[in-house]
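Below, each chain spelled out in residue letters.
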Amino acid sequence: MDAFQIRGGRALRGEVTISGSKNAALPIMAAALLTREPCVIRRVPNLSDVQFMGDILRSLGAKVEFSGDTVTIEARDIQEFGDYELIRKMRASVCIMGPLLARLRRARVSLPGGCVIGARPIDLHLKGLRMLGAKFNIRGGYVVGSTPALSGAEVFLGGRVGPTVLGTANIMMAATLAQGVTIIESAACEPEVVDLAKFLTSMGARIQGAGSPTLTITGMPELRGAEHDVIPDRIEAATFAIAAAVTKGSLVLKGARADHMGAILDKLREAGVSIRRQGNDLAVERSRRRLRPVDITTQPYAGFPTDVQAQMMVLMLQVPGISVITERIFESRFMHVPELCRLGAQISIEGPSAIVKGGEPLSGAPVMASDLRASAALVLAGLAAEGVTTVKRVYHLDRGYERMDEKLRAVGARIERIPE
Ligand code: EPZ
């Protein structure tokens, strides 16, 4: 297992190229199961989660070839049984269920284990697919689904905390080959869902309302192969924007889509970070002015994304005063808090909220990565802390950030990947 060794205190300056979005690429790769014809997907980030999805599709019988940032997938002859161990390891694999039911009328995926950020059930996925005509039973850790034929239905996908991103993806993909019209109410509006809808449409699917809470999908007899360029990763862009702010540097984020980052940029500006559009890029600079504490509540899109909550907390640690950060999407997404406290942070948890007392300097120490975004927050804290911080188990980071250490080193960070 690798670790990152970081010597903090250096302002980052220069340009960072934002990679394609992991959370768009994964369901789009699964969507290639909906057709026998080859699909070419470009701007796919080189991440372990993406490689996992490739292996899962191969275990179903699809041909998958990566070449640079492009993956070609041909699901000519596939079966519904995938590699249990692989499917169990990555929650996002749940989004092969909709395509398999639509294509083969059968599907078998492992019940996703919980993970460090919460239970993460799939009850809404199953509810939606049942309304399209699927039946499920749970056997030996598998969810086994089957249907004589999928048919359109009105599906309400709102859950305890609001819409479900991958649940929307699953139902939308299944509906593209169902007989008749499907209406999804309380659908997720994330840019990654819009990008998936765009890819499905280029395959011949008929989808209206992508990006709004109501999706209307008219089923087609079959879909064709297509080509697609994945959108840039808004969460990676946010992470590097905050890296510029916490190191008192200035970065140009090449290819960052400001129109996908409204809530993030609003909060960064409220805190006093200067952000300017520069053509298709974003220029982020820690202005001379003192930063101000801001309160954050995570919400479904277009609200402040839960995937940037941990990173924002690190910025607030630099700001004298009290910030309240409330996590409304996942029930336990504060794994980074005890690790940040090891660096001298003063944070207390009150139910769904973290009370952050900022303004105290951080000092480097060994810390342990846990979930993907918590790990990113520890790297940011290491960049800001005095002395050396060692972030262990960086395989969590490699799941969702392409060459993060290389990208940071290229703009001045003193960060090395070392064997743990
Ligand atoms: C997607 O996960 C993202 N992953 C997550 O990013 C992101 O944090 C999350 O959406 C929320 O934005 C991918 O796109 C691969 P949800 P997803 O279903 O779809 C509850 C990262 O760091 N829920 O929108 O699995 C669930 O427990 C990852 O890149 C149900 O109750 O999340 C959670 O509280 C982490 N029943 C809430 O809804 C269900 O059937 C939102 O979950 C499904 C979800």
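In the block above lies the structure referred to throughout.
Because the structure is predicted, anything quoted here is derived from the model rather than measured. Position numbers for residues count from 1 along each chain, tracking the sequence in the order it is written. For this predicted model, a pLDDT threshold of at least 70 governs which residues receive local features, and a threshold of 80 or more governs which side-chain atom pairs are given and counted, while totals over whole chains, interfaces and linings are taken from all residues. Values shown for side chains rest on all heavy atoms present in the structure; no hydrogens or waters enter the calculation.

1. So, the sheet that holds strand β17 (residues 296–297)
For clarity, the threshold we go by: Pairing between two strands is assigned when DSSP locates at least 2 bridges connecting them. By definition, any uninterrupted DSSP run of H or I lasting at least four residues is a helix, any uninterrupted run of E lasting at least two residues is a strand, and each is numbered from the N terminus. Any two residues having at least one pair of non-hydrogen atoms within 4.5 Å are treated as being in contact. Axis definition: a line fit to C-alpha positions, over the contact stretch in the case of helices; interaxial angles, taken between N-to-C directions, run 0 to 180 degrees.
Across the sheet, four strands lie side by side as β17-β18-β20-β19; this open sheet has mixed pairing. The open sheet has two edge strands, β17 and β19 (346–350), and neither has a second partner. Bridge count between β19 and strand β20 (residues 353–358): five bridges; the pairing is antiparallel. Within β20, the position partnered with Ser-348 by the bridge is Ile-355. Helix α10 (residues 309–316) rests against β17, β18 (321–326), β19 and β20 of the sheet, and its axis sits at about 175° to β18.

2. Digging into the environment of Leu-317
Note that Leu-317 resides in the loop between α10 and β18. C-alpha of Leu-317 to C-alpha of Pro-293: the two residues are 24 residues apart in sequence and 8.9 Å apart in space. In this structure, Leu-317 is in contact with Leu-340, Ala-345, Gln-346, Ile-347, Val-356, Gly-358, Gly-359, Glu-360 and Leu-362, ignoring residues within four places of it in sequence.

3. Observations regarding the pattern of salt bridges
Selection criterion: Only one rule defines a salt bridge in this text: a Lys or Arg side-chain nitrogen within 4 Å of an Asp or Glu carboxyl oxygen.
Taken as a whole and judged by the stated rule, the model has 23 salt bridges. In this structure, the salt-bridge partner of Arg-42 is Glu-227, at a minimum N-O distance of 2.7 Å. Of this pair, Arg-42 sits in strand β3 (residues 38–42) while Glu-227 sits in strand β13 (residues 227–229), placing them 185 residues apart in sequence. Two residues, Arg-58 and Asp-55, come together in a salt bridge whose shortest N-O distance is 2.7 Å. Here the residue Arg-58 and the residue Asp-55 both occupy positions in helix α2 (residues 48–59), the gap between them amounting to three residues, near one helical turn. Members of the salt-bridge network, linked through shared partners, are Asp-2, Asp-398, Asp-405 and Arg-417.

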